[in-house]
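In case you want the letters, here they are:
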Amino acid sequence: METTKSHIALLASPGMGHLIPVLELAKHLVSHQSFKVTVFVVATDHASLANTHLLQSPADSGDLLDIVLLPFIDVSDIGGPSVSFIATIVTTVLRSMPFLRSEISKMEFRPTALVVDLFGTDALEIADEYNMLKFVFIASNAWFLAVMLCTPEIDRKEIDEHVKNRKPLQIPGCKPIKFEHNLDVFFMDPNDPFYQGYVEAINKMSLTDGILVNTWDELEPTTLKALRETKKVPIYPIGPLVRPIEKSVFGNEIIAWLDKQPKQSVIYVSFGSGGTLSAQQVKELAWGLELSQQRFVWVLRPPTENDAAGTFLPLGNGSDATLDYLPDGFPARTQDRGLLVPMWAPQVEVLSHPSIGGFLTHCGWNSTMESIVNGVPMIAWPLYAEQKMNASMLTEDIGASIRVMAVESDAAVGREEIRSVVRKILVDRQGRNIRSRIKELKDNAANALAKGGSSYNSMSQVANICIQHLKAKASGA
């Protein structure tokens, strides 16, 4: 079937942190470019994903947005609880490839382009089979992308110096990676199949038609300039892409509670869709919030030991209402100024509320973007993946956060430290300075997305490439 409208296919790998930005990119392509978009979703937990309502196409998208849930993949054979969530994602996506190929082959109007994330690069072969453009969407920042792209070229001796002697790892044109950032890939044996797969994925990324990044030129000018100068692959900063506010959420008990609080008086505490703390750390956090004497909304999850990403893959908004892992009497003592929310909260709606004065966050990039877009200063408490890099950038380079610090690197963050940073962000002068800075970033982000802004122009470039490719195919070129 011939058509003049570009059709873009997006592949979302498992995990809310991957799915949400892919869906926002899809909506953006529909609303701003009027493209036909199909999102293929790979998930490890179909039941709870369905309960999130994320798979419902927006009413204003008409027939331009289709969301296809690929068949469930059983990965129970790859190991027990000790298997990392990264290994689970990689295996799940790889085993989903035959289903993706089948779905695309059945389409009467096949996609003009295929967009995948870091975990979906095996799907790029399918794009080659059907003469589709190939793009990678990195739902993180340009600094993380720069580290990934240069990894295959870094001398192994430099990596060994970084790991064994804790020396900073130099990244061409960018800020060095400190040992404290703890990117797992640098601690892998180079002969490890997952390390080799990681390098292979990066090499495939470098051969695509471009990489889309959820950042914008004015936020990371130096890093983006360095990436463009390497000329490995075209880079398109198109962010910040964040989930819009849903009016239907208003009336929610959390929003109703926030409506009763003074302006900028509440600290919102959440470690994202996947972050968990140890039992000791949960107790210290509770004591720190109580000692701060400040209002709070805390999204709670049961503690897990030795797994900061303990809930990354199980999705949904189920609850654990027992709260028996908190200090004795804590809920009663703080009920007048705190709200405890089991498992899940409507984060964008919470962050957009005028009573929110700060966000204690794990520094996942989705949460970071949502905080900046809503002008909320952050307390950085990174847990896993590239979150320590994000925290460093937010605190040291951008000036949008303060950082929690444990007395010792492997110890729990103490209650006095938590008390101190909460008061700094809500009450003290340091919080006011950060709030002023993040208001600038909020305006800066809005300008990037507005017509004529840097991200608007980047997305227009990508759209034009897709249109020209479709015309070339139609003419038989």
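Our subject is the structure listed above.
Keep in mind that this is a model prediction, so the values were computed, not measured.

## Some details on the packing of helix H10 (residues 279-292) against helix H15 (residues 415-426)
Remark: H10 packs on H15, axes separated minimally by 7 Å, with the N-to-C direction vectors making an angle of 45°. By the angle between their directions, the pair H10 and H15 is classed as oblique. Along this stretch, H10 crosses H15, giving a crossing that reads as right-handed. Side by side, H10 and H15 meet where Gln-281, Glu-284, Leu-285, Trp-287, Gly-288, Leu-289, Leu-291 and Ser-292 of the first sit next to Arg-415, Glu-416, Ile-418, Arg-419, Val-422 and Arg-423 of the second. The residue inventory of the contact of H10 with H15, partitioned by class, reads six nonpolar, three polar and five charged.

## Thoughts on H15
Taking 1.5 Å per residue as the helical rise, H15 with its twelve residues ought to reach 16 Å, and the 17 Å between its terminal C-alpha atoms agrees with that figure. Where H15 is concerned, the buried positions are Ile-418, Ser-420, Val-421, Val-422, Ile-425 and Leu-426.

## Considering the sheet that holds strand S6 (residues 210-213)
Strand pairing in a sheet takes place through backbone hydrogen bonds and is either antiparallel or parallel in direction. One open sheet holds the seven strands; their spatial order is S3-S2-S1-S4-S5-S6-S7, and the pairing between them is parallel. Across the chains shown, the open sheet's two edge strands, defined by having one partner strand only, are strand S3 (65-69) and strand S7 (235-237). On average, each strand axis in the sheet is tilted by 20° relative to the strand beside it, whichever way the strands run. As judged from the three bridges shared by strand S1 (residues 7-12) and strand S4 (residues 113-116), these two strands associate in the parallel manner. Directly across from Ala-9, in S4, lies its bridge partner Leu-114. Strand contacts of helix H1 (residues 16-33): S1, strand S2 (36-41), S3, S4, strand S5 (133-138) and S6, with the helix running at about 170° to S1, the strand carrying the most contacts. The strands touched by helix H3 (residues 85-106) within the sheet are S1, S2 and S3, with S2 carrying the most contacts at an inclination of about 155°.

## Points about the sheet that holds strand S11 (residues 356-361)
With parallel pairing, the six strands of this open sheet are ordered in space as S10-S9-S8-S11-S12-S13. Taken across any chain shown, the strands that pair with only one partner, and hence form the sheet edges, are strand S10 (338-342) and strand S13 (401-403). Strand-to-strand twist of the sheet, defined as the mean angle between neighbouring strand axes without regard to direction, takes the value 20°. Pairing geometry for strand S9 (residues 295-300) and S10, over five bridges, is parallel. Across the sheet, residue Val-297 finds its bridge partner in S10, namely Leu-339.

The rules we used
Residues numbered from 1 in each chain as written. Predicted model: local features only at pLDDT ≥ 70, side-chain atom pairs only at ≥ 80, totals over all residues. Heavy atoms only, no water. Axes fitted to C-alpha atoms, helices over the stretch in contact; angles between N-to-C directions. Helix = DSSP H or I, 4+ residues; strand = E, 2+ residues; numbered from the N terminus. Parallel < 35°, antiparallel > 145°, perpendicular 65-115°, else oblique. Left-handed = near helix turned anticlockwise from the far one by under 90°. Contact = heavy atoms within 4.5 Å. Nonpolar A, V, L, I, M, F, W, Y, C, P; charged D, E, K, R; others polar. Expected span 1.5 Å × (residues − 1). Buried < 20%, exposed > 50% of the residue type's maximum accessible area, 1.4 Å probe, protein only. Pairing = 2+ DSSP bridges.

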